There are 2 protein chains.
Amino acid sequence: MSTDPFDELLESLRCLPGVGKRSAQRMALQLLERDRAGGRRLSQALGQAMDLIRRCESCRNFTVEPTCKICRSTDRDESILCVVESPADVLAIEAATGFQGRYFVLLGRLSPLDGIGPDELGLSDLASRLEKEPIEEMIIATNTTVEGEATAHYLRQMANREGVRVSRLAQGVPLGGELEHTDRSTLAHAFGSRQMMP
Amino acid sequence: MSTDPFDELLESLRCLPGVGKRSAQRMALQLLERDRAGGRRLSQALGQAMDLIRRCESCRNFTVEPTCKICRSTDRDESILCVVESPADVLAIEAATGFQGRYFVLLGRLSPLDGIGPDELGLSDLASRLEKEPIEEMIIATNTTVEGEATAHYLRQMANREGVRVSRLAQGVPLGGELEHTDRSTLAHAFGSRQMMP
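Computed from a predicted structure; not experimentally measured.

Section: the sheet that holds strand β6 (residues 165-168) of chain B
Residues and elements named next belong to chain B. Sheet architecture is open: four strands sit in the order β4-β3-β5-β6, paired in parallel fashion. Where the open sheet ends on each side, the last strands, each with one partner, are β4 (102-105) and β6. Averaged over all neighbouring strand pairs, the angle between strand axes comes to 25°, with direction disregarded. With five bridges connecting them, strand β3 (residues 80-84) and strand β5 (residues 137-141) associate as parallel partners. By the bridge assignment for β5, Val-83 is matched with Ile-140. Its contacts with the sheet place helix α6 (residues 123-132) against β3, β4 and β5, and it is angled at close to 155° to β4.

Encoded structure:
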């Protein structure tokens, strides 16, 4: 920890993703010159969030309570479980879709080289939920990266063992995208999986 | 203040310049998922900086002590004073040049429409320094914007009244710049102010 509060602020701002030396300086000066109240509020919010926010006992998403809002809600459909890699994915799905089921957040993806196996992703918790809860369909919404696909494969086998139906987000050309600018593997996949029109 | 610590963190991260909804989310998740220690350190550094850092009584730059390191130093040349708009300019000049004089930080520029006049920039403090201290040269290093130029003009008159020599940073084509990509007014100025080679 450097002794000068200004240097220490510059240093510690750099833990934020995408913040280098120059932006740290811009941020520090902006707060000191024009927005001390904002800086104090951020300091408090950060301290509070780091101390209070923990993982939901049921879905592993971030929450302050033992279980998160979505898991506590009695309005959600218990029969559909959507498995995602990160809390950001939950936010994205909640914002974009009308999904009314529950989630399971892996907080990562299978990546044996990085030492991330089924234990690190809490897959035994997921297995016991599949067993005990009245889940009929598991939507796999991991990323479409190599590791995301490997994770999806593993999840599918788990669900099959418990006799739970499995679905996967549709893959193809993005809406509003131009074919010309779509990458080759997406285009090849979309072409191969073309759907008959009624 | 929103009640949920996560929402409050997202909200308050947006006081940082250049941070919108998406980057706030990315920052919050990164800290919660992977760097709680960094988040706590940033919280502390922010709180401390907002509370402890104030303006140097002599040059108006940010400091923890009543006067800043540069003003306290006995190694600096008292006869040259460099006037800049912001603390960032001091950092830039210190990093790029071997300047060994002292500074005066306006913390702004003359901008009557925004209600920023000589009082807001502490120009009476500057005038009394010009009068009392053995200052022989005042380097005007305000920005080369319209307001920076107006401020420079005002500063020059002040220095003239006190019989202090005035200089201004050289203006022209940037080093390593291509003429083709230099803006028209810079090029016109550089052309008009061309220097004879010995």
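Some remarks on the environment of Pro5(A)
Looking at the element boundaries, Pro5(A) is found in helix α1 (residues 5-13). Given a relative accessible area of 8%, Pro5(A) falls into the buried group. Sequence separation between Pro5(A) and Asp51(A) is 46 residues; the distance between their C-alpha atoms is 23 Å. Non-local contacts of Pro5(A), meaning those with residues more than four positions away in its chain, are made with Ala49(B), Leu52(B), Ile53(B) and Val64(B).

Quick word on the pairing of β5(B)
Residues and elements named next belong to chain B. The buried fraction of β5 amounts to five of the five residues, a majority that puts the element mostly inside the structure. Residues Glu-137, Ile-139 and Ala-141 of β5 are buried on one face, and the alternating residues Met-138 and Ile-140, pointing to the opposite face, are buried as well. Taken together, the four bridges between β5 and β6 define a ladder with parallel strand orientation. In the sheet register, Glu-137 faces β6, and the bridge partner there is Arg-165. The β-α-β motif built from β5, the intervening helix α7 (residues 146-161) and the parallel element β6 has right-handed crossover chirality.

Some remarks on helix α5 (residues 87-96) of chain A
All of the buried residues in α5(A) are Pro87(A), Asp89(A), Val90(A) and Ile93(A). Seen along its axis, α5(A) keeps its buried residues to an arc of 155°; they face one direction. α5(A) presents Ala95(A) and Ala96(A) as exposed residues on the side facing more than 90 degrees away from its buried surface. For α5(A), the secondary structure elements touched by its buried residues are β2 (62-63), α4 (69-72), β3 (80-84) and β4 (102-105) of chain A together with α2 (21-34) of chain B.

What counts as what
- Residues numbered from 1 in each chain as written.
- Chains lettered and ligands numbered in written order.
- Predicted model: local features only at pLDDT ≥ 70, side-chain atom pairs only at ≥ 80, totals over all residues.
- Heavy atoms only, no water.
- Pairing = 2+ DSSP bridges.
- Helix = DSSP H or I, 4+ residues; strand = E, 2+ residues; numbered from the N terminus.
- Axes fitted to C-alpha atoms, helices over the stretch in contact; angles between N-to-C directions.
- Contact = heavy atoms within 4.5 Å.
- Buried < 20%, exposed > 50% of the residue type's maximum accessible area, 1.4 Å probe, protein only.
- Right-handed = clockwise from strand over helix to strand, strands pointing away.
- Arc of directions from axis to C-beta.

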